[in-house]
Amino acid sequence: MANMKVGLVGCGNISAELCAALERGGIAAEIVAVSDVIEAQAVALVNKFKLNAKLGTVDATVSAADFVVEAAAPGAVKPVIEAAIRHHRDCLIMSIGGLVAEPDLLARTQDAGIQVRLPSGALCGVDGVRAAREAGLDRVTLTTRKPPKGLAGAPYIVERGIDLDALTEPTVVFEGTARDAIKGFPKNVNVAVALSLAGIGIDRTTVRVIAEPGSNVNSHEVVAEGAFGRLRTLTENVPSPANPKTSYLASLSACAELRAAALAFSK
Ligand SMILES: NC(=O)c1ccc[n+]([C@@H]2O[C@H](COP(=O)([O-])OP(=O)(O)OC[C@H]3O[C@@H](n4cnc5c(N)ncnc54)[C@H](O)[C@@H]3O)[C@@H](O)[C@H]2O)c1
């Protein structure tokens with residue numbers, strides 16, 4: 001069976017981690033096309049990993065591949081999914097937050113008969129929440145704990161003038177719906193949306209953000225209750241060795257999805 005041909009939209013850190021995973025071997029896939037709004041980024045990726053890949057538009061990249069990875073930005077989600085529908089290609093969407101502004105997109109992919117993979121990212125428990133939904137969920141809560149410096153600059157913190165340096169003990173700085181959390185803490189958006197999509201949606205999923213002075217913890221706790229019973233998961237993340245901005249588990253979840261897609265393609 002030939003390798004699965006992969007098109008990459010967005011040639012930054014996540015795509016570099018996927019290329020490194022392919023270089024290590026064991027995944028029956030190869031990058032054949034790349035696209036980036038900054039052409040130099042695409043050229044740098046091609047050169048770094050000695051890819052035999054064409055540089056082109058989103059449409060050309062999707063068309064040239066069997067499987068497409070969006071690892072760009074929320075604004076790229078709609079054009080990538082629409083091209084995937086046009087060319088009937090399965091895809092992996094990393095910028096899950098981009099789906100919030102386009103609530104009909106996933107239904108359109110179902111109508112078109114293509115599969116959209118969404119990584120679980122830096123979060124454990126998404127699989128259990130998805131299964132629990134089958135019998136009905138009453139409550140889903142995501143509690144994110146970060147050192148205060150990890151929250152600096154978040155719109156919610158800035159707009160309310162919260163003085164993170166003045167905190168002396170763990171403090172709940174936000175509690176509300178996932179929809180409001182996404183606006184207030186856009187850097188946390190992918191985990192909140194992944195959990196909401198698996199469970200009871202962005203308006204019924206509760207998010208709490210806790211600033212923990214003096215700690216290096218960057219953790220996500222999921223609690224869900226429903227007809228199935230109750231689940232509680234805790235994920236304590238370290239940064240990706242290749243990219244300190246992203247949790248290692250989030251990068252690994254992208255690699256795992258690519259591996260699963262290649263396996264499915266080979267069958
Ligand atoms: N789901 C998750 O758990 C998870 C984890 C990490 C990152 N992400 C998301 O994945 C995406 C990529 O992350 P990254 O760390 O590789 O980012 P990055 O900034 O390192 O790279 C993004 C690349 O995409 C390019 N780009 C931006 N907009 C584009 C567009 N519309 N079309 C084509 N290219 C475009 C940029 O020029 C850049 O080269 C981000 O949206 C990030 O939020 C999701």
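Please refer to the structure higher up on the page.
Residues numbered from 1 in each chain as written. Predicted model: local features only at pLDDT ≥ 70, side-chain atom pairs only at ≥ 80, totals over all residues.

**Structural notes on the nonpolar core**
- Counting 78 residues, the largest nonpolar core has Val69, Val80, Cys91 and Leu195 as the members making the most contacts within it.
- Each of domain 1 (4–122 + 247–265) and domain 2 (126–236) accounts for three or more of the residues forming this core. (Core = buried A, V, L, I, M, F, W, Y, C linked by C-beta atoms within 7 Å. Buried ≥ 20, exposed ≤ 12 C-beta atoms within 10 Å, placed from the backbone. Domains from an automatic or database assignment.)

**With respect to the packing of helix 4 (residues 74–87) against helix 5 (residues 105–112)**
- Taken N-terminus to C-terminus, the directions of helix 4 and helix 5 make an angle of 10°; their axes are 10 Å apart at the nearest point. If you check the angle between helix 4 and helix 5, you find them roughly parallel. Helix-helix and strand crossings are classified by hand; for helix 4 and helix 5 the assignment is left-handed. Where helix 4 abuts helix 5, its residues Lys78, Ile81 and Ile85 lie against Leu105, Arg108, Thr109 and Ala112. (Axes fitted to C-alpha atoms, helices over the stretch in contact; angles between N-to-C directions. Helix = DSSP H or I, 4+ residues; strand = E, 2+ residues; numbered from the N terminus. Parallel < 35°, antiparallel > 145°, perpendicular 65-115°, else oblique. Left-handed = near helix turned anticlockwise from the far one by under 90°. Contact = placed C-beta atoms within 7 Å.)

**Brief notes about the sheet that holds strand 11 (residues 229–236)**
- Within the open sheet, the five strands sit side by side as 8-9-7-10-11. Their pairing is mixed. Both edges of this open sheet fall to strand 8 (171–177) and strand 11, since each of them pairs with a single strand only. With strand direction ignored, the average angle separating the axes of adjacent strands in the sheet is 15°.
- The sheet strands contacting helix 6 (residues 126–133) are strand 7 (137–146), strand 10 (219–226) and strand 11, and the helix crosses strand 10 at an angle near 15°.
- Against the sheet, helix 9 (residues 189–198) touches strand 7, strand 9 (205–211) and strand 10, its axis set at about 165° to strand 7. (Pairing = 2+ DSSP bridges.)

**What to know about unusual backbone geometry**
- At Lys50, a position not held by glycine, the phi torsion is positive, near 50°.
- Along the chain, Lys50 turns up in the loop between helix 2 (39–48) and strand 3 (54–55).
- Take Lys50: there are 9 C-beta atoms within 10 Å of it, and that puts it in the exposed class.
- With a phi angle near 55°, His88 is a residue other than glycine that sits in the positive phi range.

**A closer look at the site of the ligand**
- Near the ligand there are 26 residues, and of these Gly10, Gly12, Ala72, Ser95 and Gly121 occur at the shortest range.
- Ranked by residue count, the leading element in the shell around the ligand is helix 1 (residues 13–24), at three residues.
- Looking at the shell around the ligand, its residues break down into 14 nonpolar, eleven polar and one charged. (Near = placed C-beta within 6 Å. Nonpolar A, V, L, I, M, F, W, Y, C, P; charged D, E, K, R; others polar.)

**Describing the sheet that holds strand 4 (residues 67–70)**
- Read from one edge of the open sheet, six strands run 3-2-1-4-5-6, paired in parallel fashion. At either margin of the open sheet sits one strand with a lone partner, and together these are strand 3 and strand 6 (116–117).
- Pairing geometry for strand 1 (residues 4–9) and strand 2 (residues 29–35), over six bridges, is parallel. Looking at strand 2, one finds that Gly7 is bridged to Ala33.
- Contacting strand 1, strand 4, strand 5 (90–93) and strand 6, helix 4 runs over the sheet at an angle of about 175° to strand 4.

**Here's the deal with the pairing of strand 7**
- By the bridge criterion, eight bridges tie strand 7 to strand 10 in an arrangement that is antiparallel. Within strand 10, the residue paired with Val140 across the bridge is Ala224.

**Looking at the packing of helix 1 against helix 10 (residues 248–265)**
- At a minimum axis separation of 10 Å, helix 1 and helix 10 run at an interaxial angle of 55°. Between helix 1 and helix 10, the angle falls in the class oblique. Crossing hand, helix 1 versus helix 10: right-handed. In this structure, helix 1 contributes Ile14, Glu17, Leu18 and Ala21 to the contact, and helix 10 contributes Ser251, Ala254, Cys255 and Leu258.

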